[in-house]
Amino acid sequence: GKEHAKAIYENEMPLETYLKGVVPYEMGDGFPPEALKAQAVCARTYALSRMRPSAAWDVVDTTNDQVFRGLNDASPKSMQAVEDTAGLVLTCDGKLITAWYSASNGGQTELPANIWEGNAPRCFALTEDPWDAANPESVVRTCVLARDASGLSPAFVKLIHRAALADPRLRDLIPEEDFRLSRPRRAA
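These figures come from a predicted structure and were not determined experimentally.

A.B. asks: Describe in detail the packing of aromatic side chains, supporting the description with residues and values.
C.D. replies: The description of an aromatic ring pair rests on the distance of the ring centres and on the angle between the ring planes. Tallied over the entire structure, the rule returns two aromatic pairs. Between Tyr18 and Phe68, the ring centres sit 5.4 Å apart and the planes meet at 20 degrees, which makes this aromatic pair stacked. Of this pair, Tyr18 sits in helix α1 (residues 15-20) while Phe68 sits in the loop between α3 (33-49) and α4 (76-84), and the two are 50 residues apart along the sequence.

A.B. asks: So what's going on with the environment of Ala113? Which residues, and what values?
C.D. replies: Positionally, Ala113 belongs in the loop between β2 (95-96) and α5 (130-133). Put simply, Ala113 and Phe124 are 11 residues apart on the chain and 9.7 Å apart in space, counted from C-alpha to C-alpha.

A.B. asks: Residues and numbers for the side chain of Gln39, please.
C.D. replies: Relative to the elements of secondary structure, Gln39 occurs in helix α3. Here Gln39 falls in the buried class, since its relative accessible area comes to 9%. Sequence-distant contacts of Gln39, defined by excluding residues within four places in its chain, comprise Val23, Glu26, Met27 and Tyr101.

A.B. asks: Got a sec to walk through α3? Specific residues and values, please.
C.D. replies: An ideal rise of 1.5 Å per residue puts 24 Å on 17 residues; α3 measures up with 24 Å between its terminal C-alpha atoms. Of the positions making up α3, those classed as buried are Leu36, Gln39, Ala40, Val41, Ala43, Arg44, Thr45, Tyr46 and Ala47. Buried residues in α3 make contact with α1, α2 (23-26), α4 and β2.

Parameters at a glance
Residues numbered from 1 in each chain as written. Predicted model: local features only at pLDDT ≥ 70, side-chain atom pairs only at ≥ 80, totals over all residues. Heavy atoms only, no water. Phe/Tyr/Trp six-rings, centres within 6.5 Å; stacked < 30°, edge-to-face > 60°. Helix = DSSP H or I, 4+ residues; strand = E, 2+ residues; numbered from the N terminus. Buried < 20%, exposed > 50% of the residue type's maximum accessible area, 1.4 Å probe, protein only. Contact = heavy atoms within 4.5 Å. Expected span 1.5 Å × (residues − 1).

These values are about where atoms sit, not about what they do.
In structure tokens form, the structure reads like this:
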């Protein structure tokens, strides 16, 4: 087969300029100003957390890090959000965090340590996201459950419990407290 050469382009620029080429492509000008500001703070924090002086580069311009496509005059709201949040970052216990973010979380956030190696700061938590769960384009995931219901995470059991309580057909059959999943009993 043919060997393909991939060109690597290195580009150095001030952080705030870089962010003006990230925010419009990670989110877009159609979002409310406060959402764009939150995106700018996350993007800035993420970029700073990835700085590696000994490496050939810090971030790439794809979804492997953050999409960067250069400055875009058609995105004035995104540029304003970067300017309005200049220098603002996210920290936990006085340390810069790696501010992971995504367009969709499937209705629940995940702990970074369950995705990437390492320990996440205590500021991260499993959180239900009803806005994303209502999104028809939200990621749908499936899993295989053991017959005896073993090995389920507490967050998953909590999700099943809430869904059962919300179902009018099951509501009176489900206890409010001490909800557990176990292997179905056989009828006598």
